[in-house]
Amino acid sequence: MSEPKASTPTPGDMYKGWLFKWTNYIKGYQRRWFVLSNGLLSYYRTQAEMGHTCRGTINLATANIAVEDSCNFVISNGGAQTYHLKASSEVERQRWITALELAKAKAVRMQAESDDSGDDCSTSSPPPSGQGGGARNSEVQSTLRTLGSKVEDLSTCNDLIAKHGSALQRSLSELEGVRLGGETGDKIRQVTERATLFRITSNAMINACRDFLALAQAHSKRWQKALQAEREQRVRLEETLEQLAKQHNHLERAFRGATVLPASQASPAGEAKGSASVKGDASDEDDENEFFDAMEDVAEFITVPADPKYHKRSGSNISGISSEIGMDDQSLDEQSLASNPESPQSQEVEPVRKRRARIPDKPNYSLNLWSIMKNCIGKELSKIPMPVNFNEPISMLQRLSEDLEYSELLDKGAKCQSALEQLCYVAAFTVSSYSTTVHRTGKPFNPLLGETFELDRLRESGYRSLCEQVSHHPPAAAHHVISERGWTLRQEIAVASKFRGKYLSIMPLGSIHCIFEKSNNHYTWKKVTTTVHNIIVGKLWIDQSGEIDIVNHRTGDRCHLKFAPYSYFSRDVARKVTGVVADKEGKAHFVLSGTWDEKMEFSRVMQSSRGGENGAEGKQKTVYQTLRARELWRKNPLPEGAETMYYFSSLALTLNEPEEGVAPTDSRLRPDQRLMEDGRWEEANVEKQRLEEKQRSVRREREREAARTANSAEEAVIEDSITDSPLKSTHQDSYKALWFERCEDPATGEATHIYKGGYWEAKEQGSWEACPDIF
């Protein structure tokens, strides 16, 4: 089989070709396709796999490259990854060594530059020359970095040329001292090979020089123009400042000679003028915001621009649309919320507590995944003890409380006059709860039975939250949130999981309830399926897929959301979410679109019609004429350094922060979780095993006590009343939750745990005698 001829490696170019990689003592060296690009060396079984399956990748910035013999070389990044490679010839090996050394040098420089640029950005000030000057400055800086990179490439090639030139000189010297004999042929062959290596490296340096000169010639004129533009702008600024100084001096002289009016005469005119100006600005802004264009097409339906009759600027039409939509921009504006005298924020006198913004960086511990996963075969995953290496330092109760990161969406929904518009905000809140999962591949700690977690954010966000673990097998947690801004949220979530080899499916069971006090609107919905891909091989990544129906039990309004599963062959945006808000008759009023990891938008439907049978599987698509989309929700940026802190959001960083006065069963007091956050993972694993064994012994004692109870008939009645619940435990247990009681939900008819009160009163009194000893 003929080997493909790889091109001579040049700085900055992709380099690829066939190499032999050592696999094991049975198969030995196997032929693999290697690709070097952007400082990363990846390999595949065949060239066809480049589009979908990477067998392994090593970062050259931290790698060590060592030559073993004429054709073999080794690449290692400190023990975690080591590639033993063999080329077809010494010349081919040296081509790869040259390309790898160039790529490594460039990767190290880029890493150092990114660190330096991060420091510079934090201390630098914006350019004074405005947006245009900033753009030109950025372009010049980018060009300078590119030229600096080319200079470094030249320096690296120069070192290689010196190295190979010395070797060639030694070989020539040895050749001169050899007498005619049997070793003459070997020496001549060696000189020929070294001369070939020297030619390859020389070509690389020549190409780098050519690129450097081309860039310098291409940008020299642009630099001259940019410099001239900066000079002209500076002159204009100096002239403007001179004119302003003259005007200021003239105004001062005019002010000294003018007659000052009394305050009683000057104030009314000023107020009238100011009020008229503000009113005029507000009316202009309303005119701009009242009429919209069409949103982009979505998968389940088609949207087109609304008919021009809806854009006719008549007073009756404007008032009709405004009343029908029920939108009040000022009531939903965050600034107006802050300035509202009835808002709890304006009544705060004491300063809000400053929460922490960092946790210890995640340590790098290696783990044999197969030694853990082989014990999972044929068993339920929730019953298998896992080391903390798979975890993140928060519990499932804290992860459940993290859904409240965007509680301001419910605050805005509580102020809506229209139930349909309120449903849009509830839908956005539903989607926002998944935004923190896009990078979070770590598993939260399974809470111990009776474990609790409180989240008191009355002063910051106006709500209090309480979670309690009410069942262990299957794991189930009850959650209750009460807000001073007019809404209540409660849920009981149990988790069912299925391990399918390549991926793990996590299916939450149970309903979420949201009740608004002012309108008495009661909404319920369920969560979608979470899938963790590449469990055994590859990089872990998470996807959300499924459908959600949010129902308003008072009005019958409904929002249908669809989370599209990721597909490699799909042309749609990844993590896409679409939805339609309709009344009880099924008439659509709003269309929702966006992604669950970035933002959601909504558009008002002006008219809808059934389309032709051109959709998938011959189904008809609904065509909606909509106004321009408006943003409902946008994800907050992650804090600086989140990649070393488990990709926690700003709220997640504060969840495990120690706090005084919490219940002794609070997740913050869990010792194994605290040890893991501090980076002491070995001690955390020991403590985790101790707590789990303690929980098992307490459970056995509780079951023995239940068996001795003579009131079995009463227990049977209670058990029969919860038989139909999807959250029913797989075995009977006498445990009863401390802060929640099990009853039938009036809205859904499901048996669920509802908060019975008493926790916050016990906290104020400091009386925790009823709390079990679980830690």
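Just so it is clear, the model here is predicted, and its values are computed rather than measured.

The rules behind the values
Residues numbered from 1 in each chain as written. Predicted model: local features only at pLDDT ≥ 70, side-chain atom pairs only at ≥ 80, totals over all residues. Heavy atoms only, no water. Helix = DSSP H or I, 4+ residues; strand = E, 2+ residues; numbered from the N terminus. Buried < 20%, exposed > 50% of the residue type's maximum accessible area, 1.4 Å probe, protein only. Contact = heavy atoms within 4.5 Å. Areas by Shrake-Rupley, 256 points an atom, 1.4 Å probe, with all protein chains shown as cover. Core = buried A, V, L, I, M, F, W, Y, C linked by side-chain atoms within 4.5 Å. Pairing = 2+ DSSP bridges. Axes fitted to C-alpha atoms, helices over the stretch in contact; angles between N-to-C directions. Expected span 1.5 Å × (residues − 1). Polar contact = N/O pair within 3.5 Å; in protein donor to acceptor, adjacent residues only side chain to side chain. Salt bridge = Lys/Arg side-chain N within 4 Å of Asp/Glu carboxyl O. Patch = residues over 30% accessible without salt bridge, like charges linked within 9 Å, V, L, I, M, F, W, Y side chains within 5 Å. Phe/Tyr/Trp six-rings, centres within 6.5 Å; stacked < 30°, edge-to-face > 60°.

(A) Molecular detail of the overall build of the protein. Tallying secondary structure elements over the protein gives 17 helices and 27 strands in all. In the protein, which comprises 775 residues, the share counted as buried stands at 41%. In the protein, of all internal contacts separated by at least 6 residues, the share reaching a separation of at least 24 is 58%. Per element, the accessible surface of the protein, about 43,000 Å² overall, is 51% carbon and sulfur.

(B) Just unusual backbone geometry, in detail. At Asn-38, a residue that is not glycine, the phi angle is positive and equals roughly 55°. A relative accessible area of 73% places Asn-38 in the exposed class. In this structure, Tyr-646 is a non-glycine residue whose phi angle is positive, near 65°. Positionally, Tyr-646 belongs in the loop between strand E25 (630–634) and helix H13 (650–655).

(C) Geometry of the nonpolar core. Counting residues in hydrophobic clusters, the biggest one holds 64 residues, and the most contacted among them are Trp-487, Leu-489, Trp-525, Ile-550, Leu-561, Phe-563 and Leu-592. When residues of this core are assigned to their parent elements, the largest contribution, 10 residues, is made by helix H11 (residues 419–432). By size, the runner-up hydrophobic cluster in this structure holds 20 residues, among which are Tyr-43, Leu-60, Ile-75 and Ala-103.

(D) Structural context of the sheet that holds strand E5 (residues 64–67). Taking strand neighbours across the sheet as the criterion, the seven strands line up as E4-E3-E2-E1-E7-E6-E5 in an open arrangement whose pairing is antiparallel. Single-partner strands in this sheet number two, and they are strand E4 (56–59) and E5. If you compare each strand with its neighbour and ignore which way they point, the axes differ by 35° on average. Relative to strand E2 (residues 28–37), strand E1 (residues 15–24) runs antiparallel, the two sharing nine bridges. Looking across to E2, one finds that Tyr-15 is bridged to Leu-36.

(E) Highlighting H11. For H11, with 14 residues, the first-to-last C-alpha span of 20 Å sits near the 20 Å given by 1.5 Å per residue. Of all 14 residues making up H11, 14 are buried, and the element is well covered by its neighbours.

(F) Spotlight on the side chain of Ser-42. Positionally, Ser-42 belongs in strand E3 (residues 40–44). Side chain to side chain, Ser-42 and Thr-57 meet in a polar contact 3.0 Å long. Dropping the residues within four chain positions of it, Ser-42 is found in contact with Trp-33, Phe-34, Val-35, Cys-54, Gly-56 and Thr-57.

(G) Here's a closer look at the pattern of salt bridges. Using the criterion set out here, one finds 37 salt bridges in the structure. Note that Arg-358 and Asp-361 form a salt bridge whose closest N and O atoms lie 2.7 Å from each other. Taking the relative accessible area as the measure of exposure, Asp-361 reaches 43% and is therefore partly exposed. Members of the salt-bridge network, linked through shared partners, are Arg-353, Arg-355, Glu-460, Glu-657, Glu-659, Asp-666 and Arg-668.

(H) The arrangement of the environment of Glu-683 in detail. The topology assignment puts Glu-683 in helix H15 (residues 681–707). There is a polar contact of 2.8 Å between the side chain of Glu-683 and the side chain of Arg-680.

(I) Expanded view of a nonpolar patch on the surface. A grouping of Phe-499, Ile-536 and Val-537 is seen on the molecular surface, where their side chains present a nonpolar patch of about 260 Å² in accessible area. When you line up the elements, Ile-536 lands in the loop between strand E18 (529–533) and strand E19 (541–552).

(J) Representation of H15. Spanning 27 residues, H15 covers 39 Å between terminal C-alpha atoms, matching the ideal 39 Å at 1.5 Å per step. Looking at H15, one finds that the buried residues are Trp-681, Ala-684, Asn-685, Glu-687, Lys-688, Leu-691, Glu-692, Gln-695, Arg-699 and Arg-702.

(K) The packing of aromatic side chains, seen in detail. Across all of its chains, the model carries 18 aromatic pairs by this definition. Judged by centre distance (5.2 Å) and plane angle (70°), the ring pair of Trp-18 and Trp-33 falls under edge-to-face. With Trp-18 in strand E1 and Trp-33 in strand E2, this residue pair connects regions lying 15 residues apart in the sequence. In this structure, Trp-18 and Trp-33 share a single accessibility class: buried.

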